[in-house]
Amino acid sequence: MSTVKPSCTGIDEAIAAFGIETAINGRLIQKNPYGNGHINDTFLLRYETPDNSEKKYILQRMNHDIFKNPPLLMENIVNVTNHLRSIICSRGGDAERETLNVLKTKDGKSFFQDSGGNYWRVFPFIERSLCLEKAEGAKDFYDSAVAFGGFQKMLADFPAETLHETIPNFHNTPSRFQDFRRAVENSDKGRAALAEKEIAFALDREQETSVLTDLLTRGELPLRVTHNDTKLNNILFDADTGKALCIIDLDTVMPGLSLYDFGDSIRFGASTGAEDEIDLDKVSLDLSLFEAFTKGYLEGCDGSLTAKEIGMLPMGAKLMTYECGIRFLADFLTGDTYFKVHRENHNLDRARTQFKLVADMEAKWDRMTALVENCTILI
Ligand code: ADP
Ligand code: GN1
Ligand code: MG
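A quick note: this is a predicted structure, and the numbers were derived from the prediction, not measured. (Residues numbered from 1 in each chain as written. Chains lettered and ligands numbered in written order. Predicted model: local features only at pLDDT ≥ 70, side-chain atom pairs only at ≥ 80, totals over all residues. Heavy atoms only, no water.)

Section: the nonpolar core
Part 1: If you look at the biggest cluster of nonpolar residues, it comprises 100 residues, and the most contacted ones within it are F180, L212, I266 and L329.
Part 2: Here this core gets 13 residues from one element, more than from any other, and that element is helix α12 (residues 313–333).
Part 3: Structurally, this core is a two-domain feature, drawing no fewer than three residues from each of domain 1 (11–67 + 103–125) and domain 2 (138–378).
Part 4: The contact partners of L212, leaving out residues within four places of it in the chain, are L221, L257, L259, Y260, M312, M315, G316 and L319. (Core = buried A, V, L, I, M, F, W, Y, C linked by side-chain atoms within 4.5 Å. Buried < 20%, exposed > 50% of the residue type's maximum accessible area, 1.4 Å probe, protein only. Helix = DSSP H or I, 4+ residues; strand = E, 2+ residues; numbered from the N terminus. Domains from an automatic or database assignment. Contact = heavy atoms within 4.5 Å.)

Let's talk about empty space enclosed by the protein
Vacant regions in the atomic arrangement are exposed by a probe of water-molecule size rolled over the atoms.
Part 1: What the rule picks out here adds up to two cavities of 30 Å³ or more.
Part 2: Of the pockets and cavities examined, the largest cavity occupies roughly 40 Å³.
Part 3: Considering every element that reaches the lining of the largest cavity, the biggest residue donor is α12, with three residues.
Part 4: If you add up the space inside the second largest cavity, you get close to 30 Å³.
Part 5: Considering the residues around the second largest cavity, the lining is formed by R267, F268, S271, G273, A274, E275, T353, Q354 and L357. (1 Å grid on protein atoms, 1.4 Å probe; cavity = no way out; pocket = protein on both sides within 12 Å on 5 of 7 lines; lining within 4 Å. Points joined across faces, edges and corners; volume = space filled by probe spheres on them.)

Some thoughts on the sheet that holds strand β9 (residues 244–247)
Part 1: Reading across the sheet, the three strands line up as β6-β8-β9 and stay open at both edges, with antiparallel pairing between neighbours. Strands at the two margins of the open sheet, each flanked by one partner only, are β6 (129–131) and β9. Ignoring which end each strand starts from, the neighbouring axes of this sheet average 35° apart.
Part 2: With three bridges connecting them, β6 and strand β8 (residues 235–238) associate as antiparallel partners. By the bridge assignment, S129 is partnered in β8 with D238. (Pairing = 2+ DSSP bridges. Axes fitted to C-alpha atoms, helices over the stretch in contact; angles between N-to-C directions.)

Re the site of ligand 2
Part 1: Near ligand 2 lie 19 residues; those nearest to it are H38, K231, E275, R327 and Y338.
Part 2: At a separation of 3.5 Å, an oxygen atom of ligand 2 approaches a polar side-chain atom of R267.
Part 3: When ligand 2 sits alone it has 450 Å² of accessible area, and the protein chains cover 97% of it.
Part 4: Judged by its atoms lying within 2 Å of the grid points, ligand 2 is housed in the largest pocket.
Part 5: Taken together, the elements giving at least two residues each to the shell around ligand 2 come down to α9 (258–269) and α12.
Part 6: For the shell around ligand 2, the leading source of residues is α12, giving three residues. (Near = heavy atom within 4 Å. Polar contact = N/O pair within 3.5 Å; in protein donor to acceptor, adjacent residues only side chain to side chain. Areas by Shrake-Rupley, 256 points an atom, 1.4 Å probe, with all protein chains shown as cover. Sits in = over half its atoms within 2 Å of the grid points.)

Let's talk about the pairing of strand β3 (residues 54–61)
Part 1: Most of β3 is tucked away, with six of its eight residues classed as buried.
Part 2: Note: strand β2 (residues 41–48) against β3, eight bridges, orientation antiparallel. In the strand pairing of β3, Y47 is matched with K55.
Part 3: Between the end of β2 and the start of β3, which pair antiparallel, lie five residues, with N52 showing a positive phi angle near 65°.

Points about the coordination of the magnesium ion (ligand 3)
Part 1: Around the magnesium ion (ligand 3), the protein supplies N234 (OD1) and D249 (OD) as donor atoms, at distances of 2.2 Å. Of the two residues, N234 sits in the loop between β7 (224–226) and β8 while D249 sits in the loop between β9 and β10 (254–256), which places them 15 residues apart along the sequence.
Part 2: A residue is classified by how much of its surface remains accessible, and N234, at 4% relative accessible area, is buried.
Part 3: The class for D249 is partly exposed, based on a relative accessible area of 24%. (Donors = N, O, S within 2.8 Å, 3.2 Å for Na, K, Ca; no water.)

In C-alpha cells:
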C-alpha cells in the first residue's frame, strides 16, 4: 500500500546536496510533508535568513516506480521551464512566479540521487500563491482554463521531438483499458466482489475507449505538446490578485491531445464533489463550471484549436473521466500500489466518483454539446 510518510530516508542527504543553507545564509527551521499530490513525496522546507525573513522551497522525492527515468524527466522539465521563462520574460512577466524554476544541486545538477537510489529535486516555493482543491467559483475555474490553454499555446513551438516520454501511453485509453482488464483478471477476489458494479460499468464502455486515439491515427486530431495532468491543484493562483499564476507538476508534459488537458480539468474541477467523495449524491457535472472552463480554454488557446478538436471537447471530458476511473479501479483491484491512499477502499471511492461523473455526462450530453457550440459562436 502506498501511504504518505511523515519523513523519509534520504531527506537529510538531499537537503545537504542542494546546499541551500550556505547559498542563502539561512537556517532550516522546518521540513514537513506538503500538498495533496498522489504520486511524488513533497516536502516544504522553511529557512530563516539573517534578516529574520523566511525563504521556502519545495523538495520532492520523485516516484521512480512510476517515472522510470528521473534524469530524463528532469531534462524535460529544465527544457520546458527554460522555454517558458524566455516567453514570460519577453512579455515582461515575472519568471520567478509564473513558471517553476529548477534549483541546481551544489554540483550543478537538476536532481540528486541519494545513497538509497532515490531521486530528489527542489523548486523555489512560489511565494504569495494559493493552491485550490476546489474552485471557489466559476471565475477561478475560468482563469485556470485560460492558463492551461495559454500553457499549451506557449509550448506550440517547443521542439516536441526532444521530449522524453516519461510514462508511455499515458492517456492512451485503449491501452489503459487493456491494463484494466488485466487487473480484473488478476484481482484480489474480495476486492473484485466489492467492485462488481463498477467493473461492469467500465467493461460496458469498451467501445468508446478508442474514439480519440482513432481520430489521432487518422490524422483528424493534431498531436500537440500538452501538460496531461491538468487538475486544479496543479495550478497556483496569485494570493494578491486571485488570478491563475503558474502551472506546476510538469512531470507528464509530453506530446498529447488538447482534449486530454481539457478533459482532465473538467473531470476534477467541474465536479460538484471531491475526487474521493463517499456520498455519490454529491457528485455531478456542474454545467456552469463546464461552460466557464470551455470559454476560458478556447480563449487561452487563442484560436489554435481546430474545429474537430472543439467538437470533441465533451468527449475529451468524458473519456478522461472514464480513464481515470479505470486507473483508480485497477489500482484498487490489485492492491493500491500506484496512487497514494489514506483510508480503506480509497481508490474504490475514487473510481466510484469518476463513474458517477461519466454517467452524469452521458445524461447531460446534449447540453454539454450545446454549451460548446455556444462558446464557439461567442469567440
Ligand atoms: P504530485 O506530482 O505528487 O502531484 P506536485 O508537483 O503537484 O506533486 O506538488 C504537490 C503540491 O505541492 C502542489 O499541489 C502544490 O500545492 C505544491 N507545490 C508544488 N510546487 C510548488 C511551488 N514551486 N511553489 C508552491 N507550491 C508548490
Ligand atoms: C495523479 O500527481 P497528481 O496527483 O497531480 C496522476 C494523474 C491522475 C491524478 C488523479 C503521474 O496526479 O494522472 O489524473 O493523480 N499522475 C500520474 O487525481 O499518474
Ligand atoms: Mg500534482
